[in-house]
Amino acid sequence: EADIYQTPRYLVIGTGKKITLECSQTMGHDKMYWYQQDPGMELHLIHYSYGVNSTEKGDLSSESTVSRIRTEHFPLTLESARPSHTSQYLCASAQAVNTGELFFGEGSRLTVL
Amino acid sequence: GIQVEQSPPDLILQEGANSTLRCNFSDSVNNLQWFHQNPWGQLINLFYIPSGTKQNGRLSATTVATERYSLLYISSSQTTDSGVYFCAVGSGGSNYKLTFGKGTLLTVNP
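Bear in mind that the values here come from a model prediction, so they are computed numbers and not experimental data. (Residues numbered from 1 in each chain as written. Chains lettered and ligands numbered in written order. Predicted model: local features only at pLDDT ≥ 70, side-chain atom pairs only at ≥ 80, totals over all residues. Heavy atoms only, no water.)

Asks: I'm lost on the interface of chain A and chain B in this one. Help?
Replies: Size of an interface: often given as the accessible area lost when the parts come together. On the side of chain B, 19 residues touch chain A, which itself brings 24 residues to the contact. Overall, the association of chain A and chain B removes approximately 1,800 Å² of surface from exposure, summing both partners, and the carbon and sulfur fraction of that is 51%. Scanning the region where chain A abuts chain B turns up one salt bridge. Residue Glu42 of chain A is joined to Lys102 of chain B by a salt bridge in which the shortest nitrogen-to-oxygen separation is 3.0 Å. Along the lines of polarity and charge, the residues of the side of chain A that touches chain B split into eleven nonpolar, six polar and seven charged. (Contact = heavy atoms within 4.5 Å. Buried area = accessible area lost by both parts, 1.4 Å probe. Salt bridge = Lys/Arg side-chain N within 4 Å of Asp/Glu carboxyl O. Nonpolar A, V, L, I, M, F, W, Y, C, P; charged D, E, K, R; others polar.)

Here you go:
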């Protein structure tokens, strides 16, 4: 059973607001990821981290930012939300992706009005 | 980057039927995983299978790395099997970054 948690699960917010999506895992995994998924579509990697103080942008350009100050915590922030940011954001972690499994949280579904 | 194609895009079954989902990829991989996304949006890891065959209950998967494809078999399908099945691959030095296919939407009717 995966121990990776995302909050909030659902968020409806107005344009221009700052939001932070939280992601925490209790498995001690080094690698963490944020994927963005529109309804009925595939997942796109927007951020990843190999460990503390290590963050990289993914394949899909995103206006969001991330931080990795602690191993277990990988929050995603949007400084000024826009309707185009409406999507599902999925957080995942892995001990070592080339030898193991990727575990996903339940997702955060964001709607920007 | 590596391309991942899944087929069929949609599949409708009656409960009890068997099915095969396919994942083709454009380059050699050292990481391949199958996921099931349930109707509430959560992704569950089904198999980590860069090569060979694995079975877990009614589900099994086979990856033929030399021919660049993987198959997911679902036997005696149940309504709870409904959802989207994704194949994701990683290759070379970027094996820590998985590329996802567009998925197969499976609907199992009672």
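Asks: It is not clear to me how the sheet that holds strand β1 (residues 4-7) of chain A should be interpreted in this structure. Could you clarify?
Replies: What links the strands of a sheet is backbone hydrogen bonding, and the strands pair in either a parallel or an antiparallel sense. Residues and elements named next belong to chain A. Read across the sheet, four strands follow the order β1-β3-β8-β7 without closing on themselves; strand pairing throughout is antiparallel. Only two strands of the sheet have a single neighbouring strand rather than two, namely β1 and β7 (65-66). Pairing analysis gives four bridges linking β1 to strand β3 (residues 19-25), with the strands arranged antiparallel. In the strand pairing of β3, Thr7 is matched with Glu22. (Pairing = 2+ DSSP bridges. Helix = DSSP H or I, 4+ residues; strand = E, 2+ residues; numbered from the N terminus.)

Asks: Help me understand the pairing of strand β5 (residues 43-51) of chain A, please; the structure alone is not making it clear to me.
Replies: Working note: regular strand, side chains alternate between the two faces of the sheet. Residues and elements named next belong to chain A. Burial analysis of β5 places seven of its nine residues in the buried class, the great majority of the element. Sheet topology places strand β4 (residues 31-37) next to β5; six bridges connect them, and they run antiparallel. When the bridges of β5 are listed, Tyr33 appears paired with Tyr48. Linking β4 back to β5 in an antiparallel pair, the connection comprises five residues, with Gly40 at a positive phi of about 75°. Hairpin connection, β5 to strand β6 (residues 54-57): the antiparallel pair is bridged by two residues, and Asn53 has positive phi, about 65°. (Buried < 20%, exposed > 50% of the residue type's maximum accessible area, 1.4 Å probe, protein only.)

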